[in-house]
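A closer look at the structure
As a plain string of letters, each chain reads:
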Amino acid sequence: MPGHDHAATGNEGRIEGVLDGKVHPADENRGGEEGVKPLDGPVSTSTAAVSDVETKRRQKQIVKMMKHAWDNYVAYAWGSNELRPISKRGHNPSIFGRAKFGATIVDAADTLYLMGLMDEFKAARDWIASNLNVSQSDGEVSVFEFNIRYIGGLLSAYALSKDKMFLDKADEMANAVLPAFDTPTGIPYAVIDLKSKKSKNYGWASGSASILSEIGSLHLEWAYLSKMTGKTVYREKIDRIRNHLANIDKPKGLYPNYINPQTGKWGQVHVSMGALGDSFYEYLFKAWLWSGKTDSQAKEMYDTAMMNVELQMLKTSKGGLKYFGEYTNGRIEHKMDHLACFVGGLYGLSAPYAKDPEHYNMMGREITRTCHESYRKTGKH
């Protein structure tokens, strides 16, 4: 933005330090509770092993971009949930309620830490410690967005810094949304008012059903939160969801996008690897990884789901591009939305652990090629 290009200049020394293989500025103070390991392995932002000059140049440019974005958020929208870059004003979208709840600050804290932007990380940390409080919320929030942005953001910052303030805040945030799980099946509602504790689903979602990608994208955060706090309630909530999804009958082995939290039955039989379904599959595989490869239920559900998705939804265009169509009541809609492009990376990540690694690598390449071609062939608008 005009007048705020300092993000791309004047920080060369700091950015160079992040990428030259030096010890991370916070590594010397990585304490933490006795007997508690926030991460299964050491965290390092060192790139000493990266010798490619072009890769380092790109890394430095990414840090500059982050610094530029952060500085302008600070200048124009500090404390707001988002920055509107054209109008240069803060914005508080309805998914986070009406209050200035600092979503960008919480969501960006771990990235600031990883990039070695420690002054910015400290500013974020101090704002969170002083201002992030459930009592300041106003209106309804999305349980899904609240989890991945706030609870996930706080837990990532804790895992990296071992600053217990982040863990305490995550515990506070998760406790605030627990009433959303008070359904006969344990499947949570999509929306909750953090003050009144009233919950509901979106009316447009197959007769007020819960959404697969939302109820399936809680496991990593809540399992980790239980492990770090010792409070079993969070793990119990997500295990109940997982067990229900594992045991329910599935049409052709597929997981539809809608499920009724009152009856536990599927809503409209609509299956997508993109919006409404996407991160459910991602979390299954990553939950298995996070468990030290011991969560056999997650791995079995993932392997079986991917097999059936391929059998029922994988198509090839006339031009030879592979894509996942959308399955609706037994028929395929020949479209794949942008959000489904994550699948290429998911195939690549899980390939080493697949029964047929070569097939998974091929699928990863082909889905990614399809997405690349779709971007390349789309004109600039």
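Since we're looking at a predicted model, the values are computed, not measured.

To continue, consider empty space enclosed by the protein. Throughout the structure, instances matching the rule amount to two cavities of 30 Å³ or more. The space that makes up the largest cavity amounts to roughly 110 Å³. If you trace the largest cavity, you find it lined by Ile-215, Gly-216, His-219, Ile-238, Ile-241, Arg-242, Leu-245, Phe-280, Tyr-283, Leu-284 and Met-301. Taken together, the elements giving at least two residues each to the lining of the largest cavity come down to α9 (232-247) and α10 (278-290).

Before going further, it helps to spend a moment on the state of the cysteines. Going through the model one piece at a time under the given rule, you end up with one disulfide. Between the sulfur atoms of Cys-341 and its disulfide partner Cys-371 the distance amounts to 2.0 Å. Its S-S torsion of approximately -100 degrees makes the covalent link between Cys-341 and Cys-371 left-handed. Taken together, the positions of Cys-341 in the loop between β12 (331-333) and α12 (342-350) and Cys-371 in helix α13 (residues 357-376) put the pair 30 residues apart, joining distant regions of the chain. The class for Cys-341 is buried, based on a relative accessible area of 18%. Take Cys-371: its relative accessible area is 5%, and that puts it in the buried class.

Even without a glycine there, the phi angle at Lys-162 is positive, about 60 degrees. Position of Lys-162 among the secondary structure elements: in the loop between α5 (143-161) and α6 (164-177). Judged by relative accessible area, which is 24%, Lys-162 ranks as partly exposed. One non-glycine residue with positive phi stands out, namely Lys-252, at about 55 degrees.

Cut-offs applied
- Residues numbered from 1 in each chain as written.
- Predicted model: local features only at pLDDT ≥ 70, side-chain atom pairs only at ≥ 80, totals over all residues.
- Heavy atoms only, no water.
- 1 Å grid on protein atoms, 1.4 Å probe; cavity = no way out; pocket = protein on both sides within 12 Å on 5 of 7 lines; lining within 4 Å.
- Points joined across faces, edges and corners; volume = space filled by probe spheres on them.
- Helix = DSSP H or I, 4+ residues; strand = E, 2+ residues; numbered from the N terminus.
- Disulfide = S-S within 2.5 Å.
- Buried < 20%, exposed > 50% of the residue type's maximum accessible area, 1.4 Å probe, protein only.

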